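As a plain string of letters, each chain reads:
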Amino acid sequence: MDADILFKQSIEDKERFWKEQAKEIDWFQFPEQILCQDKNDYPQWYADGKLNICHLCIDRHIEDGYGEQTAIIYDSPVTDQKKTYTFNQAKEEISKFAGGLVSLGLKKGDTAVIYMPMIPQTLFAMLACARIGVIHNVVFGGFAPHELVVRIDDCKPKALITATAGVEIARRIPYLPLVEKAIELAQDKVDHIIVYNRQLVDNQHEMFEGLIDYEELVQKSEPADCISVESTHPLYLLYTSGTTGKPKGIVRDTGGYATALKFSMKYIYGVEPGETYWAASDFGWAVGHSFSVYGPLINRNTTIIFEGKPIMTPDAGTFWRIISEYKVSTMFTAPTAIRAIKKEDPNGELVKKYDLSHFKKQFLAGERCDVATLDWFAEHIGVPAIDHWWQTESGWPMLGLMTLDDQYKIKRASAGKPIPGYDIKIFDENGYELDAHQEGYLIIKLPLPPGALLGIWNDNERFQSSYLSQYKGYYFSGDGAIQDEDGYIFITGRVDDVINVAGHRLSTSEMEEIVSSHPDVAECAVVGIDDELKGQIPFAAVVLKNGSPITEKDVEKDIIRMVREKIGAVAFLKNAMVVKRLPKTRSGKILRKLIRTLLDRKDFQIPSTIDDEKIIEEIQEKINEYRA
Ligand code: COA
Ligand code: AMP
């Protein structure tokens, strides 16, 4: 395989290239039409093709004689449980749960919200929806009720599927009080709430009226078959942070996605069917969808559901224990997880306890990976650590390396080269393509390849303005980047209000909306500052209303609590500093980048548009006082 030739073919003869790739999966009706445009001139792949992704993940492997292969391994150090499911067993669970959903009246095109922890029933629920054409929306279990409300009101689910609790190391997180609150606050009324009772403690007092027991529903239901859906039928919605307070419901198709994932498993991750592949991400993120569920199962890999943390469950050797115990060949995690392990086990003592002889490659994504972490990995683990770049919107890697035949070359600090299908360019503000080594905006020439987003749920205007209106004919990624003379790309970070906290994508605008709602706050700016462990953490600079009697300590405490209550603990806003005024341009725009640079104590240039230069010194003094 020559990666450069493959890339060239994917750009110069797209339809032929992606027709060939589509043959790698099983269709109920193979598409005649490979690429066409929707009414807004946005590309649609395989429009007249028909398939079912649950069939590709489960039933097809059984038909091929692999029913007794382990499909799923559940390993939960936090509850001291381990369990495996073969493809046959998974089919039994999924088809009966799908039958249960049908018996409740759910049908193709309806939506269902899944708010669950890292347990097999979450995966079953996703695939059960896919089996009957119900569009799922998985909500990260660490989000607070407000986040659930936003999603319920936007996608109007017929059913909400949840569990009694999640477990954070030793802390039980009861979900039902959160669900009850969300249901109370949501304008849309959900018809059915299905609860998987984990029976971790006596939780009867947490139950509320009208809940449907997951296990009972499965037991009493007849299995449902996979229905045939159009390639462009939405498989799921996944909400992600944008530049306003309201998350965007990214719509994923079925046929393009299945094709792209099959391609990824083979060429990017280089995994053979039958191997164990582990993406240690929560189901609530894009990685969890694409590479804990759909990608590995389509490729007939055994996937691992890990309920725990890389450290403290019970120690920083837990990743290596799992890799060794289940003979994992390929793993995917966020650099923050490796940084956490490195901090606990700097000399790699825990690594030595395990046999990692089956381990071939480590993939990293979700945030920038620092070279010190790569060095630690190389010294102590000894398998290649391969950075690659993508977004919820793409659903699969856009930058990376084609590792199928091991003929790839890693350049440290680079997220790799454009993946076939992604015609990536670096543009300046005026839409001119930049030369090598110049920093600019990473943009992608349309059409995006199969699997990338179909749009934003019920909001075409926002879809156009978020991604397509900046440069006509191109997708705007929101990331800055530099390309070198060999075509390797280095991501320099977001160019908007999105930040990445421990691999979790969050919006500073959303946090600003919450902080501004404090009765004593006149205005505020929330920025992402550098953090050694989490990559970035949010920091709030607030101006109090004139005459407000509140103390700086109290307002900080309130803000921390409010963000935790509204978004969830993952937002990790732990610092709020009171300032007399915020630096602004003469036209009144807050200079957030300047605030961030000052907080990071980095060199800065005084923006030419600044209203009053004196404010820089004022803020620097305040930072010194705050940090003292
Ligand atoms: N449910 C409830 N609370 C949760 C949660 C969940 N699912 N996940 C995290 N939280 C809480 C944590 O308990 C913590 O609470 P605290 O401040 O009260 O202690 C807070 O949110 C911050 O969590 P986090 O930043 O995730 O730190 P952590 O120490 O719990 O975990 C990592 C560290 C590295 C394991 C974790 O951040 C991680 O796995 N990140 C990778 C994310 C990822 O996979 N992204 C996808 C791209 S690859
Ligand atoms: P998400 O949609 O949650 O996957 O987050 C996508 C964002 O994470 C991207 O727009 C980048 O800003 C960041 N990101 C993802 N992967 C990488 C990477 N390998 N290097 C740098 N940033 C990354």
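Every value quoted in this text rests on a predicted model; they were computed, and no experiment measured them.

1. Quick look at the pattern of salt bridges
At step 1: All chains considered together, the criterion is met by 39 salt bridges.
At step 2: Across the pair Asp-110 and Lys-158 runs a salt bridge whose closest N-O atoms are separated by 3.2 Å. Remark: Lys-158 occurs in the loop between helix H6 (145-155) and strand S8 (159-163) and Asp-110 occurs in the loop between helix H4 (87-103) and strand S6 (111-115); sequence separation between them is 48 residues.
At step 3: Asp-110 gets classed as buried once you look at its relative accessible area, which sits at 10%.

2. Comments concerning unusual backbone geometry
At step 1: Cis peptide bonds are those with omega within 30 degrees of zero, and the linkage from Thr-313 to Pro-314 qualifies with 0 degrees.
At step 2: In this structure, Pro-314 sits in the loop between strand S17 (302-306) and helix H11 (318-325).
At step 3: In the segment running from Leu-446 into Pro-447, the intervening peptide bond is cis, with an omega of 5 degrees.
At step 4: With respect to the helices and strands, the residue Pro-447 is situated in the loop between strand S24 (440-445) and strand S25 (455-456).
At step 5: Backbone geometry places Lys-327, a non-glycine residue, at a positive phi of 50 degrees.
At step 6: Tracing the sequence through the fold places Lys-327 in the loop between H11 and strand S18 (328-333).

3. So, the packing of aromatic side chains
We describe a pair of aromatic rings using the distance from one ring centre to the other and the angle between the two ring planes.
At step 1: Within this structure, the stated rule accounts for 42 aromatic pairs.
At step 2: When the ring of Phe-291 is compared with that of Trp-390, the centres are 5.6 Å apart and the planes differ by 85 degrees; the resulting orientation is edge-to-face. Here Phe-291, found in helix H10 (residues 286-298), pairs with Trp-390, found in the loop between strand S20 (385-387) and strand S21 (399-400); they are 99 residues apart in sequence, far enough to count as distant. Neither residue differs from the other here; Phe-291 and Trp-390 are each classed as buried.
At step 3: Both rings, one in Phe-539 and one in Tyr-626, keep their centres 5.5 Å apart while their planes meet at 70 degrees; by these two values the pair is edge-to-face. Note that Phe-539 is positioned in strand S31 (residues 535-544) and Tyr-626 in helix H18 (residues 614-627), a separation of 87 residues in sequence.
At step 4: A relative accessible area of 2% means that Phe-539 is categorised as buried.
At step 5: One aromatic cluster in this structure is built from Phe-17, Trp-18, Trp-27, Phe-30, Trp-45, Tyr-46, Phe-263, Tyr-267, Trp-396 and Tyr-422.

4. Let's talk about the UniProt feature "domain: AMP-dependent synthetase/ligase" (unreviewed entry) in the chain
At step 1: Mapped onto the present numbering, the UniProt feature "domain: AMP-dependent synthetase/ligase" (unreviewed entry) falls on residues 65-447.
At step 2: Counting secondary structure, residues 65-447 comes out at 29% helix and 24% strand; the distance between its end C-alpha atoms is 38 Å.

5. Section: the UniProt feature "domain: AMP-binding enzyme C-terminal" (unreviewed entry) in the chain
At step 1: Annotation from UniProt places "domain: AMP-binding enzyme C-terminal" (unreviewed entry) at residues 510-589.
At step 2: A distance of 17 Å separates the end C-alpha atoms of residues 510-589, which is 28% helix and 30% strand.

6. Observations concerning the sheet that holds strand S5 (residues 81-86)
At step 1: Read across the sheet, 7 strands follow the order S5-S4-S17-S16-S18-S19-S20 without closing on themselves; strand pairing throughout is mixed. Of all the strands in the sheet, just S5 and S20 have a single pairing partner and so form its edges. Here the strands of the sheet are splayed against their neighbours by 20 degrees on average, with no regard to which way each runs.
At step 2: Strand direction decides the pairing type here: strand S4 (residues 70-76) and S5, joined by 6 bridges, are antiparallel. Within S5, the residue paired with Ile-72 across the bridge is Tyr-85.

7. Brief notes about the packing of H4 against helix H5 (residues 120-131)
At step 1: Two elements in contact, H4 and H5, have axes whose closest approach is 8 Å; the angle formed by their N-to-C orientations is 60 degrees. By the angle between their directions, the pair H4 and H5 is classed as oblique. In this structure, the crossing between H4 and H5 has a hand that is right-handed. Between H4 and H5, the contacting residues are Ala-90, Lys-91, Glu-93, Ile-94, Ser-95, Phe-97, Ala-98 and Leu-101 on the first element and Phe-124, Ala-125, Leu-127, Ala-128, Cys-129 and Arg-131 on the second.
At step 2: When grouped by side-chain class, the residues that make up the contact of H4 with H5 number 10 nonpolar, 1 polar and 3 charged.

8. Remarks on the nonpolar core
At step 1: Ile-161, Phe-291 and Tyr-294 are the most contacted members of the largest nonpolar core, which totals 112 residues.
At step 2: Each of domain 1 (53-227) and domain 2 (253-496) contributes no fewer than three residues to this core.
At step 3: For Tyr-294, the residues in contact, after removing those within four places along its chain, are Ile-53, Cys-57, Met-126, Leu-127, Ala-130, His-136, Leu-235, Tyr-236, Tyr-257, Leu-261 and His-289.
At step 4: Among the nonpolar cores identified, the runner-up in size contains 71 residues, and Cys-155, Trp-285, Ile-550 and Ile-616 belong to it.

9. Focus on helix H7 (residues 176-185)
At step 1: Those residues of H7 not exposed but buried are Leu-176, Val-179, Ala-182 and Ile-183. The buried residues of H7 occupy one face: seen down the axis, they fall within an arc of 120 degrees.
At step 2: Buried residues in H7 make contact with S6, H6, S8, strand S10 (171-174), strand S11 (192-196) and strand S12 (211-213).

Each value, and the rule that gives it
- Residues numbered from 1 in each chain as written.
- Chains lettered and ligands numbered in written order.
- Predicted model: local features only at pLDDT ≥ 70, side-chain atom pairs only at ≥ 80, totals over all residues.
- Heavy atoms only, no water.
- Salt bridge = Lys/Arg side-chain N within 4 Å of Asp/Glu carboxyl O.
- Helix = DSSP H or I, 4+ residues; strand = E, 2+ residues; numbered from the N terminus.
- Buried < 20%, exposed > 50% of the residue type's maximum accessible area, 1.4 Å probe, protein only.
- Phe/Tyr/Trp six-rings, centres within 6.5 Å; stacked < 30°, edge-to-face > 60°.
- UniProt positions renumbered as here; feature names shortened; annotations may be inferred.
- Pairing = 2+ DSSP bridges.
- Axes fitted to C-alpha atoms, helices over the stretch in contact; angles between N-to-C directions.
- Parallel < 35°, antiparallel > 145°, perpendicular 65-115°, else oblique.
- Left-handed = near helix turned anticlockwise from the far one by under 90°.
- Contact = heavy atoms within 4.5 Å.
- Nonpolar A, V, L, I, M, F, W, Y, C, P; charged D, E, K, R; others polar.
- Core = buried A, V, L, I, M, F, W, Y, C linked by side-chain atoms within 4.5 Å.
- Domains from an automatic or database assignment.
- Arc of directions from axis to C-beta.

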